[in-house]
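# Coordinates in review
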Amino acid sequence: MSPVKPKISIHYCSLCRWLLRASWLAQELLFTFDDELAEVALCPGLKGGFDIYVNDELVWSRQQEGRFPEAKEIKQRVRDIIAPERELGHSDR
């Protein structure tokens, strides 16, 4: 039996039109962690939110951080949870 792979969910404000930003980050995560993830889900919401979870663990909140994440930051935070021993190449520099 293989281990359960983590799931990422990106919750974005649909009224703010942040779908493109959410889908770009989803693509970056799927490209980087293609063998390590079960899925990346895009979850439309409201109220200016832009939150990223690994399973149920919040790894980014636009409201808490005061800005949107860079792809490099999200890749590092996701890596630290799902594969801490893994190197990310240029994203680690």
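Refer to the structure above for everything that follows.
Just so you know, these numbers come straight off a predicted model, no measurement behind them. (Residues numbered from 1 in each chain as written. Predicted model: local features only at pLDDT ≥ 70, side-chain atom pairs only at ≥ 80, totals over all residues. Heavy atoms only, no water.)

### Description of the overall build of the protein chain
The following threshold applies: Working definition: helices are DSSP H or I runs of at least four residues, strands are E runs of at least two. Numbering for both runs from the N terminus. In this setup the radius of gyration rests on C-alpha atoms only. A globule is expected at 2.2 Å times the number of residues raised to 0.38. Burial status follows relative accessibility: with a 1.4 Å probe on protein chains alone, a residue under 20% of its type maximum counts as buried, one over 50% as exposed, and anything between as partly exposed. Here, two residues are considered to be in contact whenever any of their heavy atoms come within 4.5 Å of each other. Positive charges come from Lys and Arg, negative ones from Asp and Glu, while His and the chain ends are left out of the count. Working definition for charges: the position is that of NZ of Lys, CZ of Arg, CG of Asp or CD of Glu.
When its secondary structure is counted, the protein chain shows 3 helices and 4 strands. The globule rule puts the C-alpha radius of gyration for 93 residues at 12 Å, and the 13 Å found for the protein chain is close to it. Each principal axis of the C-alpha atoms in the protein chain carries an extent, and together these give about 40 × 35 × 20 Å. When burial is assessed residue by residue, the protein chain has 38% of its 93 residues classed as buried. Of the contacts formed within the protein chain by residues at least 6 apart in sequence, a portion of 62% connects residues at least 24 apart. Charge centroids of the protein chain, computed over 13 positive and 15 negative side chains, lie 6 Å from each other.

### Details of the sheet that holds strand E2 (residues 39-45)
Definition in use: Strands are labelled as partners when DSSP assigns at least two bridges between them. With axes taken as lines fitted to C-alpha atoms, and helix axes fitted only over the stretch in contact, angles between N-to-C directions fall between 0 and 180 degrees.
The sheet built from 4 strands is open, its strands ordered E2-E1-E3-E4 with mixed pairing. The open sheet has two edge strands with one neighbour each: E2 and strand E4 (57-61). Taken pair by pair, the neighbouring strands of this sheet meet at an average axis angle of 20 degrees, ignoring direction. As judged from the 5 bridges shared by strand E1 (residues 7-13) and strand E3 (residues 50-54), these two strands associate in the antiparallel manner. From the neighbouring strand, Ser9 faces E3, where its bridge partner is Tyr53.

### What to know about the pairing of E2
Here is the rule: Here is how to tell: hold the view so the strands point away, follow the path from the first strand over the helix to the second, and if it runs clockwise the crossover is right-handed.
Both E1 and E2 contribute to a ladder of 7 bridges, which runs parallel. By the bridge assignment, Ile10 is partnered in E2 with Leu42. Between the parallel pair E1 and E2, the chain is carried across by helix H1 (residues 19-32), and the sense of this crossover is right-handed.

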